[in-house]
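The lines below spell out each chain.
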Amino acid sequence: MTSTHTEPAILIDGVTHRFQAMDVLLDVSLAIPRGAMFGLIGHNGAGKSTLFRLMLGLILPTQGSVRVLGQTTAAAAFRQARRRIGYLPENFVTYDNLRGSEVLRLFADLKGVPRCSCAALLERVGLDKAAAARPVHTYSKGMRQRLGLAQALLGEPALLFLDEPTNGLDPRGIADFYAILAAAKTSGTTIVITSHILAEIQERVDDLAILQAGRVAAHGTLPQLRAGVALPLRIEATVAPERHAAMAAALAMLAARSEDPLAWDEAAGRFTVRCPAAAKMAVLAVLVPLAADVVVHESTLEQVFLGYGAKAGARHAERV
């Protein structure tokens, strides 16, 4: 198969992977576009680490194929393509007796990247000259993660794999980290990220895949995933005292004629309405003319993830 510029950065086709007679992944198919930031989420043991190892070419699938940057990972030519890939594992381990600058120069040599780029890269991830001159065994967890990110960024990779990358980072470090990723994405780098801190990634990724027990339970944008579990919206409206009665009457009338389940309550001048996403515009049409302020709360990625887990549990119960 000949690679084209329109081919996805990663194409996973019908992949099953068995380990000691156990199916770790089952018929997984995914296409990750070039230049996207893609989130891969799932519970512990869902198969995320195995899928990462398959995409990195560290292991081969039992069935199906994995194609990365135009090369099948089983092909000998993938060894060269791998030089265009950066990887930050969940726990970045290196030689603790070396200085940070020495560690990065070592990785630069292994990757065939000029050493002259190392100093600027360390500064870019927040390790100044003093920090770079210190032995790694004196580094905090956050500093180790910054060093790990620096080695992943060596050579301006076309593809970045990041496994729980913000472990140990403080809020400032997390903000800096995602700023670096945004710049890399703008330059055309494809990013695949997995994290248990779903609030961090929900507004940053373009697409997501949810893995459950080795299968892709859902794949798409966050609005598409929300639609798949039909979680209710929460809409809050601040209403002046003289309009409370009119608002209550309008909501009662809407609830009476609506085919969608709609519930509302009022406390301290704030009306809270819970409704299906399909009823949002009808609810807003009632709230906006009478309210001083209206805030729509969509379901979070964490709620969506738990919603898919509940769906899987219900299907399992039906089969039993």
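About the cut-offs
Residues numbered from 1 in each chain as written. Predicted model: local features only at pLDDT ≥ 70, side-chain atom pairs only at ≥ 80, totals over all residues. Heavy atoms only, no water. Helix = DSSP H or I, 4+ residues; strand = E, 2+ residues; numbered from the N terminus. Buried < 20%, exposed > 50% of the residue type's maximum accessible area, 1.4 Å probe, protein only. Contact = heavy atoms within 4.5 Å. Lys, Arg positive; Asp, Glu negative; His and termini not counted. Charge placed at Lys NZ, Arg CZ, Asp CG, Glu CD. Expected span 1.5 Å × (residues − 1). Arc of directions from axis to C-beta. Pairing = 2+ DSSP bridges. Axes fitted to C-alpha atoms, helices over the stretch in contact; angles between N-to-C directions. UniProt positions renumbered as here; feature names shortened; annotations may be inferred. Salt bridge = Lys/Arg side-chain N within 4 Å of Asp/Glu carboxyl O. Parallel < 35°, antiparallel > 145°, perpendicular 65-115°, else oblique. Nonpolar A, V, L, I, M, F, W, Y, C, P; charged D, E, K, R; others polar. Polar contact = N/O pair within 3.5 Å; in protein donor to acceptor, adjacent residues only side chain to side chain.

### With respect to the overall build of the protein chain
- Helix and strand content of the protein chain: 12 helices and 14 strands.
- When the 320 residues of the protein chain are sorted by exposure, 45% land in the buried category.
- Across the protein chain, the fraction of contacts at a sequence separation of at least 24, relative to all contacts at a separation of at least 6, is 68%.
- Each charge sign in the protein chain was given a centre, from 33 positive and 29 negative side chains, and these centres are 7 Å apart.

### As for helix α3 (residues 100-111)
- Taking 1.5 Å of rise per residue, 12 residues should cover 16 Å, and α3 covers 17 Å from first to last C-alpha, within 8% of that figure.
- Of the residues making up α3, those classed as buried are G100, S101, V103, L104, A108 and K111. Summarising the axial view, the buried residues of α3 lie within an arc of 160°, below the 170-degree limit, and thus occupy one face.
- Buried-residue contacts for α3 involve β6 (85-88), α4 (118-124), α5 (129-132) and α6 (141-153).

### Regarding the sheet that holds strand β2 (residues 22-32)
- Read from one edge to the other, the open sheet built from 4 strands follows the order β2-β1-β4-β5, with strand pairing classed as antiparallel. Each edge of the sheet is formed by a strand with only one pairing partner; in this case those strands are β2 and β5 (71-72).
- Summarising the sheet, strand β1 (residues 10-19) and β2 pair through 7 bridges and their orientation is antiparallel. Bridging across to β2, F19 finds its partner in M22.
- Taken strand by strand, helix α1 (residues 48-55) contacts β1, β2 and β4 (63-68), and its axis lies near 120° from that of β1.

### Observations concerning the UniProt feature "domain: ABC transporter" (unreviewed entry) in the protein chain
- The feature "domain: ABC transporter" (unreviewed entry), as annotated in UniProt, sits at residues 10-238 in this numbering.
- The straight-line gap between the two end C-alpha atoms of residues 10-238 is 47 Å; of that span, 33% is helix and 29% is strand.

### Describing the environment of L51
- Examined against the element boundaries, L51 turns out to sit in helix α1.
- In this structure, the C-alpha to C-alpha distance between L51 and V24, residues 27 residues apart in sequence, is 9.2 Å.

### Observations regarding the pattern of salt bridges
- Using the criterion set out here, one finds 11 salt bridges in the structure.
- Salt-bridge contacts for R172 lead to D176; the nearest nitrogen and oxygen are separated by 3.0 Å. On the criterion of helical spacing, the pair formed by R172 and D176 is a turn pair, its members being 4 residues apart in helix α7 (residues 171-186).
- The partner of E236 in a salt bridge is R270, and the shortest N-O contact between them spans 3.5 Å. With a gap of 34 residues between them, E236 in strand β11 (residues 233-238) and R270 in strand β13 (residues 270-275) connect regions that are remote in the sequence.
- Judged by its relative accessible area of 16%, E236 is buried.
- Overall, R270 belongs to the partly exposed group, its relative accessible area being 35%.
- One network of salt bridges, in which partners are shared, links R234, E236 and R270.

### Some remarks on the packing of helix α10 (residues 244-257) against helix α11 (residues 280-290)
- Two elements in contact, α10 and α11, have axes whose closest approach is 10 Å; the angle formed by their N-to-C orientations is 170°. One finds that α10 runs roughly antiparallel with respect to α11. Here α10 contributes A246, M247, A250, L251 and L254 to the contact with α11, which in turn contributes A282, V283, V286, L287 and L290.
- Tallied by class, the residues present in the contact of α10 with α11 amount to 10 nonpolar, no polar and no charged.

### Some details on the environment of E266
- On the secondary structure map, E266 appears in strand β12 (residues 263-267).
- In sequence terms E266 and A248 are 18 residues apart; their C-alpha atoms lie 8.5 Å from each other.
- Not counting the four nearest positions on each side in its chain, E266 is found in contact with H244 and F271.
- Polar side-chain contacts of E266 include one of 3.2 Å to the backbone nitrogen of G269.

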